[in-house]
Amino acid sequence: MDKPEPTNRDIFDSMRAGEPIRLDDPQYYKVQEIVTRTLKLSVALNTSTNVEQIRDRLSEIIGRQIDQSTIIFAPFYTNFGRFIQIGKNVFINHACSFLDMGGITIEDEVLIGPKVNLITENHPLNPADRKSLISKPILIKRNAWIGANATILPGVTIGENAVVAAGAVVSRDVADNSIVGGVPAKLIKHIF
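Computed from a predicted structure; not experimentally measured.

Once that is clear, we can look at the overall build of the protein. Regarding its fold elements, the protein presents 3 helices and 18 strands. Its C-alpha atoms give the protein a radius of gyration of 17 Å, near enough to 16 Å, the size a compact globule of 192 residues would have. Projected onto its principal axes, the C-alpha coordinates of the protein cover approximately 50 × 40 × 25 Å. Restricting the contact set of the protein to residue pairs at least 6 apart, pairs at least 24 apart contribute 25%. Counting every atom, the protein has about 10000 Å² of accessible surface; 54% of that belongs to carbon and sulfur. Of the side-chain charges in the protein, 21 are positive and 21 negative, and the distance between the mean point of each set is 4 Å.

Once that is clear, we can look at the sheet that holds strand 7 (residues 111-112). Here 7 strands make up an open sheet; going across it, the order is 1-4-7-12-15-17-18 and the pairing mixed. The sheet terminates laterally at strand 1 (71-72) and strand 18 (186-190), the two strands that pair on one side only. Relative to strand 4 (residues 91-92), strand 1 runs parallel, the two sharing 2 bridges. For Ile71, the partnering residue across the bridge sits in strand 4 and is Phe91.

Going through the model one piece at a time under the given rule, you end up with 5 salt bridges. Here Glu19 makes a salt bridge to Arg9, at a shortest N to O gap of 2.5 Å. Note that Glu19 is positioned in the loop between helix 1 (11-16) and helix 2 (28-45) and Arg9 in the segment before helix 1, a separation of 10 residues in sequence. By relative accessible area, Arg9 is classed as partly exposed at 38%. Note that Arg22 and Asp129 form a salt bridge whose closest N and O atoms lie 2.6 Å from each other. Note that Arg22 is positioned in the loop between helix 1 and helix 2 and Asp129 in the loop between strand 9 (121-122) and strand 10 (134-135), a separation of 107 residues in sequence. Overall, the relative accessible area of 18% leaves Arg22 in the buried class. In this structure Asp129 comes out as buried when scored by relative accessible area, which is 7%. Several salt bridges converge on common partners, so that one network encompasses Arg22, Asp24 and Asp129.

Here the focus is the sheet that holds strand 6 (residues 104-106). Here 4 strands make up an open sheet; going across it, the order is 3-6-11-14 and the pairing parallel. Both edges of this open sheet fall to strand 3 (84-86) and strand 14 (157-158), since each of them pairs with a single strand only. Taken together, the 3 bridges between strand 6 and strand 11 (residues 138-140) define a ladder with parallel strand orientation. Its bridge partner lying in strand 11, Ile104 is registered against Ile138.

To continue, consider the packing of aromatic side chains. In this structure the tally under the stated criterion is 5 aromatic pairs. On the numbers, 6.1 Å between centres and 45° between planes, the contact of Phe12 with Phe80 is tilted. Of the two residues, Phe12 sits in helix 1 while Phe80 sits in the loop between strand 2 (76-78) and strand 3, which places them 68 residues apart along the sequence. Residue classification places Phe12 among the buried residues on the basis of a relative accessible area of 18%. We classify Phe80 as buried; its relative accessible area is 0%. Plain terms: the ring middles of Phe76 and Phe98 are 4.8 Å apart, the flat faces sit at 70° to each other, and that makes the pair edge-to-face. Of this pair, Phe76 sits in strand 2 while Phe98 sits in strand 5 (residues 96-99), and the two are 22 residues apart along the sequence. Three or more aromatic residues link up through ring pairs in this structure, and these residues are Phe12, Phe80 and Phe83. Across from the ring centre of Phe83, 4.4 Å away, lies the NZ or CZ of Arg16, which sits over that ring.

Definitions and limits used
Residues numbered from 1 in each chain as written. Predicted model: local features only at pLDDT ≥ 70, side-chain atom pairs only at ≥ 80, totals over all residues. Heavy atoms only, no water. Helix = DSSP H or I, 4+ residues; strand = E, 2+ residues; numbered from the N terminus. Rg over C-alpha atoms; globule rule 2.2 N^0.38 Å. Contact = heavy atoms within 4.5 Å. Areas by Shrake-Rupley, 256 points an atom, 1.4 Å probe, with all protein chains shown as cover. Lys, Arg positive; Asp, Glu negative; His and termini not counted. Charge placed at Lys NZ, Arg CZ, Asp CG, Glu CD. Pairing = 2+ DSSP bridges. Salt bridge = Lys/Arg side-chain N within 4 Å of Asp/Glu carboxyl O. Buried < 20%, exposed > 50% of the residue type's maximum accessible area, 1.4 Å probe, protein only. Phe/Tyr/Trp six-rings, centres within 6.5 Å; stacked < 30°, edge-to-face > 60°. Lys NZ or Arg CZ within 6 Å of the ring centre and 35° of its normal.

Set out below in structure tokens:
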């Protein structure tokens, strides 16, 4: 695949717009700087001894203060951290992984079970360009519940009050007030 013409657009704007990011992009060093910083800060996060320390250390990683009403349990994993937004009264259980280069927004009152994976990053299918990165945001709307070991894939919105069953792999948007489960996740029923 031919290399794209260089642009003056900032790599983070390109990343958030879902444009392919190549490892040989002249601005890729900016991504690596944040990843390196996040890896260092993650060590302190995951050796925290109480919820307040975890919240403060994750706030440092994401670059904004997480509300005191939100509880996160360690270990917690992120490869980037800067594109995570977490609302109020959110609960995130143990061993979750947030790959957030495409952006992850978690609205208020959301419950996230243990070992949940929120993955905003993907790669092109073409083997010649597979090491490029394509990112799409994940949005989890108010009062949603993501069950243990579920995986939410790039570009997915989880609707308000929706439930994702444990172990589900969600590759499509989930409507408000609905329950999905399975691999790939399918509608189980609506919540009335």
